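Fold and geometry: a report
The lines below spell out each chain.
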Amino acid sequence: MSILIRGAEVLTLAPGAGARPVTADVLIEGDRITRIGAVEGEADTVIDGRGKLVMPGLMNSHMHSPEALYKGRYDNMPLEVWMLYAYPILGAQTLDPRLVYLRTALCAIESLKTGSTCVTDDVYESPNQTPEQLDAVFQAYEDVGLRATISGHVVDRPFLDTIPYAREMVPAALQAEADALGAADGAAWLAHCRDAFARHHGRAGRLNFMVAPSAPQRCTPALMEEAMALAEAHDAPFHTHILETKVQAVTGRAFYGETLIAYMKRLGLLRPRTTIAHSIWVTDEDIALMGEAGCCIVHNVISNQKLGAGVAPVKRMLRAGVNVALGSDGVSTSDTTRMFAVMHAAGLIHNVQTPDDDLWLTAEEVLRCATLGGARSACLGAETGSLEVGKKADMIVLDLATVAFTPLNDVANHLVYCETGASITHAIVNGEIMAEGGRCLRVDEAALLAELREAMPAFLAAHEKTEALNRRFDAHFRAIHRRCNGEDVGVTRLGNEPAWRT
Ligand SMILES: [Zn+2]
């Protein structure tokens, strides 16, 4: 099968290419781009590209589809409090694989329709992910038509041992209830990952598995080291969370006597395939270590605002040599997977963090983080993330006659500051048109959404009981949040640096 997009404005976002589009034809044969330039002849499908922009599909490099069931449910909670409800300690339900499928399909449909062609979905199931649940996630992405990298997220320490001061500030009776649940069995999780790599890695030419030990304070060093060995063996990402909140900055010092980044470095776990979600409360030394390692971070700028977590010093990390990607984070802490919203926020927030305009992100930088930066974080930098001959054909087509692009001054600025995703006419993934004219072509969206709505009352009836059980921790976790935020952690800014350049 071949697709020819004729006479479009093409923004390749290839390394070294500028951020201005060039007029060209784009030829797709099979799953790859085979020509960008003048193309003679016809193709199986021809898209009239005149008045349209073709660009790489956006990469959502950190997302948690399980939270889709809590979209719009919570507000004004710091991370450690919000987690009590979205990732409950007590009384978590084991979900039916069909509900797992529906919530994943919901995320995949929204992602595809709003310009993401590739997502990294870090999937945590309580109490443990079953093979059937993981199958359901893969099936949803295969059916809707996205490229995706999907985990196995794990925590193998008792939950209260992952939060500083919990042993001191949570009443003993509540601690006993939490401790009775124990922690995940690391060996069983590693066996689950080996099985997942064997069954799913490379599926449909666009789906991969990755390891995702939750965080260095939530996992044992032995588990993280074995997870890294598995990631290396399968050329897959090692995906984790570090320094999202100030509580976590206190954690490093309290648990290990060093920052969590220094701890990762000491364990040999800072590598190019390491992706760190958030990376907000990093010290200058942390940034230098991350740059030397050439690791990746994901800037989850909307989620970080909603949870009051802070703002990652992205420009400084880019300069240090860190690869930066963008993510929506979970659908409960950003309430949407729409990457145009994430880009918009990423383009703006640094400007209010510092008067030093040298540390603000340009629209072009934002676009590069949202495309090739994301592909590198998924270990797919050679395959996708830019429009180049030989790469996988993952791209979106946008109508330049819409309000967002009229009048058109600078395409990069319009993409970051004006567009919402509403101008998208086609989404092409792996050489196939997966969405067109605002519709996903391979699934019955209305039927899937209706089925999910129907399943929600029973789910929520049980979830409300779970919320009540975990609400008993709420005041204690808020107190821990306040206590940690009063401490000095060697990071001189509140979220970003005020230092004026010299
Ligand atoms: Zn996350």
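Predicted model only: the values in this text are computed from it and were never measured.

1. Considerations on the overall build of the protein chain
For the protein chain, the helix and strand inventory stands at 17 helices and 17 strands. For 502 residues, the compact-globule estimate of 2.2 N^0.38 gives 23 Å, and the C-alpha radius of gyration of the protein chain, at 22 Å, lies within 12% of that figure. Along the first, second and third principal axes, the C-alpha atoms of the protein chain reach 75 × 60 × 40 Å. Within the protein chain, buried positions represent 61% of all 502 residues. At a minimum sequence separation of 6, the contacts of the protein chain that also span at least 24 residues come to 79%. Accessible surface computed for the protein chain: about 17800 Å², of which carbon and sulfur atoms make up 53%.

2. What to know about helix α5 (residues 172-179)
Taken together, the buried positions of α5 are L174, Q175 and A178. Projected onto a plane normal to the axis of α5, the buried residues spread over an arc of 105 degrees and lie on a single side. Of the exposed residues in α5, those oriented more than 90 degrees away from the buried face are A172 and A173. Its buried side turned inward, α5 meets α4 (166-169) and α17 (474-485).

3. Things to note about empty space enclosed by the protein
Inspection of the entire model under this criterion finds four cavities of 30 Å³ or more. If you add up the space inside the largest cavity, you get close to 210 Å³. Lining the largest cavity are 18 residues, and of these Y70, A86, Q93, L95 and S126 lie nearest its centre. Among the elements that make up the lining of the largest cavity, the one with the highest residue count is helix α16 (residues 445-471) (three residues). The residue makeup of the lining of the largest cavity, split by class, is ten nonpolar, five polar and three charged. Of the voids in this model, the second largest cavity is the one considered here, and its volume is about 60 Å³. In this structure, the second largest cavity is lined by L79, E80, M83, F159, T162, I163, Q217, R218, V247, Q248 and T251.

4. Examining the coordination of the zinc ion
Donor atoms from the polypeptide that bind the zinc ion are H62 (NE2), H64 (NE2) and H241 (NE2), placed at 2.0 to 2.2 Å. Sequence spacing of the donor residues for the zinc ion, all on one chain, is H-x1-H-x176-H. Of this pair, H62 sits in strand β6 (residues 58-63) while H241 sits in strand β10 (residues 238-242), and the two are 179 residues apart along the sequence.

5. Observations regarding the domain arrangement of the protein chain
With domains assigned, the protein chain is organised as domain 1 (2-56 + 392-440) and domain 2 (58-377). Each of domain 1 and domain 2 has a C-alpha centre, and the two are 30 Å apart. At the interface, 30 residues of domain 1 touch 29 residues of domain 2. For the domain 1 and domain 2 pair, buried surface summed over both sides reaches about 2300 Å², with 66% attributable to carbon and sulfur atoms. When the area that domain 1 buries against domain 2 is broken down by residue, the three leading residues are L13, V416 and Y417, summing to 26%. In this assembly, domain 1 and domain 2 are joined by one salt bridge. Where domain 1 touches domain 2, the interface holds seven residue pairs in polar contact (both at pLDDT 80 or more). Mapped onto the side of domain 1 that touches domain 2, the elements with two or more residues apiece are β5 (52-56), β14 (395-399), α15 (411-417), β15 (424-429) and β16 (432-436). A per-element tally of the side of domain 1 that touches domain 2 places α15 first, with five residues.

6. Details of helix α2 (residues 97-113)
Taking 1.5 Å of rise per residue, 17 residues should cover 24 Å, and α2 covers 24 Å from first to last C-alpha, within 8% of that figure. α2 sits mainly inside the fold: 14 of its 17 residues count as buried. With a side-chain oxygen positioned 2.8 Å from the backbone nitrogen of R98, the residue opening α2 is D96. Within two residues after α2, G115 carries a phi angle of roughly 105 degrees, on the positive side.

7. Focus on the side chain of S334
Take S334: it is sitting in the loop between β13 (323-326) and α13 (339-349). When its relative accessible area of 8% is taken as the criterion, S334 is described as buried. Here the side chain of S334 touches T336 through a polar contact of 2.7 Å, landing on its backbone oxygen.

8. Comments concerning the confidence of the model for the protein chain
Atomic detail in the predicted coordinates should be set aside for any region of low pLDDT. Looking at the protein chain, the pLDDT average stands at 96 and 98% of residues meet or exceed 70. The model gives residues 494-502 a pLDDT under 50, and that stretch makes 25 contacts with residues more than four places away or in other chains.

Rules used in this analysis
Residues numbered from 1 in each chain as written. Predicted model: local features only at pLDDT ≥ 70, side-chain atom pairs only at ≥ 80, totals over all residues. Heavy atoms only, no water. Helix = DSSP H or I, 4+ residues; strand = E, 2+ residues; numbered from the N terminus. Rg over C-alpha atoms; globule rule 2.2 N^0.38 Å. Buried < 20%, exposed > 50% of the residue type's maximum accessible area, 1.4 Å probe, protein only. Contact = heavy atoms within 4.5 Å. Areas by Shrake-Rupley, 256 points an atom, 1.4 Å probe, with all protein chains shown as cover. Arc of directions from axis to C-beta. 1 Å grid on protein atoms, 1.4 Å probe; cavity = no way out; pocket = protein on both sides within 12 Å on 5 of 7 lines; lining within 4 Å. Points joined across faces, edges and corners; volume = space filled by probe spheres on them. Nonpolar A, V, L, I, M, F, W, Y, C, P; charged D, E, K, R; others polar. Donors = N, O, S within 2.8 Å, 3.2 Å for Na, K, Ca; no water. Domains from an automatic or database assignment. Buried area = accessible area lost by both parts, 1.4 Å probe. Salt bridge = Lys/Arg side-chain N within 4 Å of Asp/Glu carboxyl O. Polar contact = N/O pair within 3.5 Å; in protein donor to acceptor, adjacent residues only side chain to side chain. Expected span 1.5 Å × (residues − 1). pLDDT = per-residue confidence, 0-100.

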